[in-house]
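Chains, contacts and geometry: an overview
As a plain string of letters, each chain reads:
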Amino acid sequence: MKRFIVLCFICICYPCLGLIHYLEKDSQLTNSPVDLQDIWDCHGQWGSFSGVTISSRHFITAKHSGAYQYFILNGEKYDIMGYYDDPTSDLRICKIRSNFKKWVGLNTDLSEIGKNVKIFGRGVPRGQEIKRENELVGWQWGQYDGYLRWGDNLVNNILSSKDGDALVIPFRVRRDILHLVSLSWGDSGAGVVLYDEQQKIWKLCGINYAIQGPFSSNNLGLDSVNGALFNTSGWFLYDGVRWFPQADTSSSLSYAIRISTRRVWINDVLRLTADIPIPVVQFSQEFNGSWEDETDPIYNGIDALISVIAPAETTFYRLKSDRRIQIVEIIRNGPLLTFRYRAL
């Protein structure tokens, strides 16, 4: 029976704050690898977590990592117009008001198992050593520092879960993996990429989702720890009810929501929201008076709706855009005043 820690909640489910590397020197991998600068540049900060740009106007992240007012990419803030949640997975796509300069392509190949991948995550180096009978078996989560890091691993399997299909990535020592890495508390929303041999480019194949844990050296959980274990032999894994013994050849597992099986939904969101203009809501107390921008409108980009808190007195509204648009309907719904519009 498998135990997951979703990378954002507390107690049984935790937010993920960084990558844990097998080699200590790899904790310093806080700069882009030479051949992955474009992928690195597509990773931005979403609260304390991450998101990955997938079009000139959209980035994708983990739904459980939350929602925020802006996305920070390469030091620049991008205001959020709205977001779209996948009904069958932990994926969330957010749309910005302006434009990104770079974005990553999506993997559509269903043969991820056995592929080497690069994993990105924001946060911590490894913490204290985890030992069993004086033998090193892994590391606890360290202290949050907010740095984006990267590392290597391999997709071992595919797991179907309530939050969508997930790539299974073990923290298993292999000679062919140079910078072995595991997810940890806070890596949510960052990307997993694989190399497309035919097109000769890196593509996004997963969004960081969850990790196994906690572990204990006994079936009572008296010394439980959260961390990355490259050897879980003799350890017990908690499933929320009981502690289960681990196989002699196992290691802790990381999970990333699979992109390839959600590509239709992703492409639908990008297509349906690509050409909808993003107007600014303005208001005035007089028809010929001065106009001010509404500070906190609620956008629904797919249905071309904008809502504001209904005023207590007579107020004039208009939508300002760099494209011709028309207000086709005004709806009063409780405390909200909603404008439906269309492009001309």
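Overview of the structure. (Residues numbered from 1 in each chain as written. Predicted model: local features only at pLDDT ≥ 70, side-chain atom pairs only at ≥ 80, totals over all residues. Heavy atoms only, no water.)

Below, the discussion takes up the overall build of the protein. A tally of regular secondary structure across the protein gives two helices and 30 strands. Burial analysis of the protein (344 residues in total) assigns 53% to the buried set. In the protein, 66% of the contacts between residues at least 6 apart in sequence involve partners at least 24 apart. In the structure as shown, the protein presents an accessible area of about 16,500 Å², 49% of it carried by carbon and sulfur atoms. Computing the positive centroid from 36 side-chain charges and the negative centroid from 37, the protein places the two 3 Å apart. (Helix = DSSP H or I, 4+ residues; strand = E, 2+ residues; numbered from the N terminus. Buried < 20%, exposed > 50% of the residue type's maximum accessible area, 1.4 Å probe, protein only. Contact = heavy atoms within 4.5 Å. Areas by Shrake-Rupley, 256 points an atom, 1.4 Å probe, with all protein chains shown as cover. Lys, Arg positive; Asp, Glu negative; His and termini not counted. Charge placed at Lys NZ, Arg CZ, Asp CG, Glu CD.)

To continue, consider the packing of aromatic side chains. Applying the stated rule across the entire model yields 12 aromatic pairs. Here Trp-46 and Phe-59 contribute two aromatic rings whose centre-to-centre distance is 5.0 Å and whose plane-to-plane angle is 70 degrees, an arrangement assigned as edge-to-face. Of the two residues, Trp-46 sits in strand 3 (residues 43–46) while Phe-59 sits in strand 5 (residues 58–62), which places them 13 residues apart along the sequence. No difference in accessibility class separates Trp-46 from Phe-59, as the two residues are buried. With 5.9 Å between their ring centres and 75 degrees between their planes, Phe-71 and Phe-100 make a pair best called edge-to-face. On the criterion of sequence distance, the pair formed by Phe-71 in strand 6 (residues 70–73) and Phe-100 in the loop between strand 8 (91–96) and strand 9 (105–106) is long-range, its members being 29 residues apart. Judged by its relative accessible area of 4%, Phe-100 is buried. One aromatic cluster in this structure is built from Trp-46, Phe-59, Tyr-68, Phe-71, Tyr-78 and Phe-100. (Phe/Tyr/Trp six-rings, centres within 6.5 Å; stacked < 30°, edge-to-face > 60°.)

For the structure on display, the rule yields one cavity of 30 Å³ or more. A volume near 40 Å³ is recorded for the largest cavity. In terms of lining residues, the largest cavity is bounded by Trp-141, Ser-182, Leu-183, Ile-211, Gln-212, Gly-227, Ala-228, Ser-252 and Leu-253. Elements that contribute at least two residues to the lining of the largest cavity include exactly strand 16 (181–183) and strand 20 (227–229). (1 Å grid on protein atoms, 1.4 Å probe; cavity = no way out; pocket = protein on both sides within 12 Å on 5 of 7 lines; lining within 4 Å. Points joined across faces, edges and corners; volume = space filled by probe spheres on them.)

Right, let's get into the sheet that holds strand 25 (residues 292–293). Strand order in the open sheet formed by three strands is 25-24-28, and the pairing between neighbours is antiparallel. If you trace the sheet from one side to the other, it starts and ends with strand 25 and strand 28 (316–320), each paired once. In this structure, strand 24 (residues 280–284) lies alongside strand 25, joined through two bridges in antiparallel fashion. Along strand 25, the bridge assignment pairs Gln-282 with Asp-293. (Pairing = 2+ DSSP bridges.)

This paragraph deals with the layout of surface pockets. Its boundaries defined by the atoms lining it, the largest pocket holds a volume of some 420 Å³. Forming the boundary of the largest pocket are 15 residues, of which Gln-69, Ile-80, Met-81, Asp-296 and Pro-297 lie nearest the centre. Secondary-structure elements contributing two or more residues to the lining of the largest pocket are strand 7 (76–85) and strand 26 (298–300). Top element by residues in the lining of the largest pocket is strand 7. It accounts for five residues. Of the residues in the lining of the largest pocket, the class split is nine nonpolar, three polar and three charged. (Nonpolar A, V, L, I, M, F, W, Y, C, P; charged D, E, K, R; others polar.)

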